Amino acid sequence: MARTGQTETHQHDTARTERLRQAMQHLENGGFAQARAIVEPLCDDRRADIILAHALAGCGRSARAARMLCRLAQDNPTARHPAQDMMTLLLRHSRLEEIETTLHATLRQTPNDIRLYDQLGEFLLLHARTEEAIEVLLEGCRRHPSALRTGNLLAVTQNETGEAHKAQALLRHLLTYHPQSAMTHANLAHILTIDNKVDEALHHHAQALALRPDDPHIHLNHAMTLLKAGRHADGWPEYEWRLRIPGRLKYPPERLLPTLKQDGKLTGQRILILSEAGLGDMLMYLRFVPALIRRGARVTLQVPREILPLAARIYGVERVIDPLRPVPAHDWHCPFGSLPRVLAQTSDIIGAPVPYLQADPHKVLAWADYMPPRPGLRVGLVWGGASRPGVAQAQAIDRKRSMNLVQLACLSTIPGLYLVNLQRGQHARQMTDIPDGMQLYDPMDDVRDMDDTAAIIMNLDIVVSVDTSIVHLAGALGRPVIMMDRYDNCWRWQSGQEDSQWYPHLRIVRQSRPGAWDGVVARVHDLLQAATIPHTAPMH
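If you're wondering where the values come from, they're calculated on a predicted model, not measured in any experiment.

Draft legend 1. Just the nonpolar core, in detail. Counting 72 residues, the largest nonpolar core has L286, L292 and L301 as the members making the most contacts within it. Residue contacts for L292: discarding those within four places in its chain leaves L257, L260, L266, I271, I273, A297, V299, L339, V342 and L343. One finds I51, L56, L103 and A133 within the second-largest nonpolar core, a separate group that totals 33 residues.

Dropping the structure here:
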């Protein structure tokens, strides 16, 4: 009889396990009602309760789901809150209303559970509801002044909204409770760098690295601070830590091009330069390619099609391919961003002088017909960036570096000046509602790639742009540029400078405080007005 009883128990457990497996499968596929129907009759245990709580949330039964989630969370008060897994699951099926309703219901039932403030804050931030997220996180910090994760999340969010001083104060406050928090030191260092307080930032980077010496993300932010401070000899080797982030280095590390000495030769060596980062980055790093060619390298460039013709025109390049093509045989590989490190111990640390890119002369002539008449100052205009899809940090930067076309309307009032559109992408849609009195020549409908854009730029006297790839393209072509820069500027433009070691004909006009474009535009207006006298004289 005992053996029969054991068999029945085993069969019961097997059937139960199979039903739970089926319920989980329905959850993964978004079948919340089916999962609920399967799991609801089962006797309580943690696994069944978790499945049922998720299914209830997906079915819109937020109150009951919240009660179950709270009970499950109380059993493990120091672990991740089960509402986190609920949110992750429902996000995959775009059940945004159900997520938010369940999180609010859970928070009402356990208003002192700090984990829920983090989750609700993250959800709101994910959907660009920043002000609401700040309110939630502030309440969490009010209830738990030493809450490490909540405080860091709030500080990063405050910094993104232009409240850098509040963010810094909050992180310093957290360090009084958690002096050994590498995350807090690293976040404070990053925010101080953005606020151009690089010496203090380097101090906190050192603290963070002492606590977490093998963290590639901390090393990468440390590199950005060093480079912004102009400490290239230290910054470029540190920047190599990005290649230790999982998925960043796609080829064998032992074949990564080593750092060269001043007299280092690469005679006959096949070097594959790999596409990396955005178009602007690659346009800037192309300046280092001639130094490899002079050392005898046989260079293959892997670049996006948008800039392929420009890269192919660099003298001595053997082959140019787009990233979708198989790579050829090579002796060494090198991501674009590692080229400065390769040449950091040589006289080519800044790369080739401008112009190191050339426009197609036939296209330059062809695009001349699209230009405004002479005499007059032809000014190319870009007012918005283009962030990489799916990269949240890039999208946040794009919001800060971009402005609205209407903010540039005053430039149309300058006598003898013609504005030529160079804007593409989503920001170009603003031209459908162009400001009254603003005339903007627009050749961009016929532009296929940056080779066409380069030819247009060669027909202009000056380019006025926010910090985009167009700045690098015009700079690499040796054309005059006025860059309208955000307050928390990119490392390559350093801080407190109006010129650039990378592009000698670049003039930087930077915000005096975050988001303040009025002063920038007024200064650009004055510079362009001065450049129109005489009308035919280009600005240098």
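Draft legend 2. Region of the structure containing the sheet that holds strand β3 (residues 319-321). Sheet architecture is open: four strands sit in the order β3-β2-β1-β4, paired in parallel fashion. The sheet is open, and its two edges are formed by β3 and β4 (332-335), each paired on a single side. Across this sheet, the average inter-strand angle for adjacent strands is 20 degrees, counted without regard to direction. Pairing of strand β1 (residues 270-274) with β4 involves four bridges; the strand directions are parallel.

Draft legend 3. Expanded view of the environment of G140. Looking at the secondary structure, you find G140 in helix α8 (residues 130-143). Judged by its relative accessible area of 0%, G140 falls in the buried class. Setting aside residues up to four positions removed in sequence, G140 forms contacts with I114, Y117 and T150.

Draft legend 4. Structural detail: the layout of surface pockets. Space inside the second largest pocket adds up to approximately 260 Å³. G162, K400, D488, P514 and G515 are, among the 18 residues lining the second largest pocket, the residues nearest its centre. For the lining of the second largest pocket, the per-class residue count stands at five nonpolar, six polar and seven charged.

Draft legend 5. Spotlight on the side chain of R510. Along the polypeptide, R510 turns up in strand β10 (residues 506-510). One polar contact links R510 to D485, side chain to side chain, over a distance of 3.0 Å. Leaving out residues up to four positions away in the same chain, R510 has contacts with D485, R486, Y487, N489, W493, Q494, S495, G496, Q497 and V520.

Draft legend 6. Expanded view of the confidence of the model for the protein chain. Of the residues in the protein chain, 94% have a pLDDT of 70 or more, and the chain-wide mean is 90. Across residues 535-540, where pLDDT falls below 50, the model places 18 contacts with residues more than four positions away in sequence or in other chains.

Draft legend 7. Focus on the environment of S402. Its place among the elements puts S402 in the loop between α20 (392-401) and β6 (417-421). For the pair formed by S402 and A368, sequence separation is 34 residues and the distance between their alpha carbons is 28 Å. Contact partners of S402, with chain neighbours within four places excluded, come to W383, G384, G385, H427 and W517. At 2.9 Å, the side chain of S402 and the backbone nitrogen of G385 are in polar contact.

Draft legend 8. Highlighting helix α4 (residues 62-75). Between the first and last C-alpha of α4 there are 20 Å, a value that for 14 residues agrees with the 20 Å anticipated at 1.5 Å per step. Of all the residues in α4, the buried ones are S62, A65, A66, M68, L69, C70, L72 and A73. Turning to α4, the residues buried within the fold contact α3 (46-58), α5 (82-92), α6 (96-109) and α7 (114-126).

Draft legend 9. Examining the environment of K400 more closely. With respect to the helices and strands, the residue K400 is situated in helix α20. In this structure, K400 is in contact with E160, R486, D488, Q511 and W517, ignoring residues within four places of it in sequence. At 2.6 Å, the side chain of K400 and the side chain of D488 are in polar contact.

Rules behind the numbers
- Residues numbered from 1 in each chain as written.
- Predicted model: local features only at pLDDT ≥ 70, side-chain atom pairs only at ≥ 80, totals over all residues.
- Heavy atoms only, no water.
- Core = buried A, V, L, I, M, F, W, Y, C linked by side-chain atoms within 4.5 Å.
- Buried < 20%, exposed > 50% of the residue type's maximum accessible area, 1.4 Å probe, protein only.
- Contact = heavy atoms within 4.5 Å.
- Pairing = 2+ DSSP bridges.
- Helix = DSSP H or I, 4+ residues; strand = E, 2+ residues; numbered from the N terminus.
- Axes fitted to C-alpha atoms, helices over the stretch in contact; angles between N-to-C directions.
- 1 Å grid on protein atoms, 1.4 Å probe; cavity = no way out; pocket = protein on both sides within 12 Å on 5 of 7 lines; lining within 4 Å.
- Points joined across faces, edges and corners; volume = space filled by probe spheres on them.
- Nonpolar A, V, L, I, M, F, W, Y, C, P; charged D, E, K, R; others polar.
- Polar contact = N/O pair within 3.5 Å; in protein donor to acceptor, adjacent residues only side chain to side chain.
- pLDDT = per-residue confidence, 0-100.
- Expected span 1.5 Å × (residues − 1).

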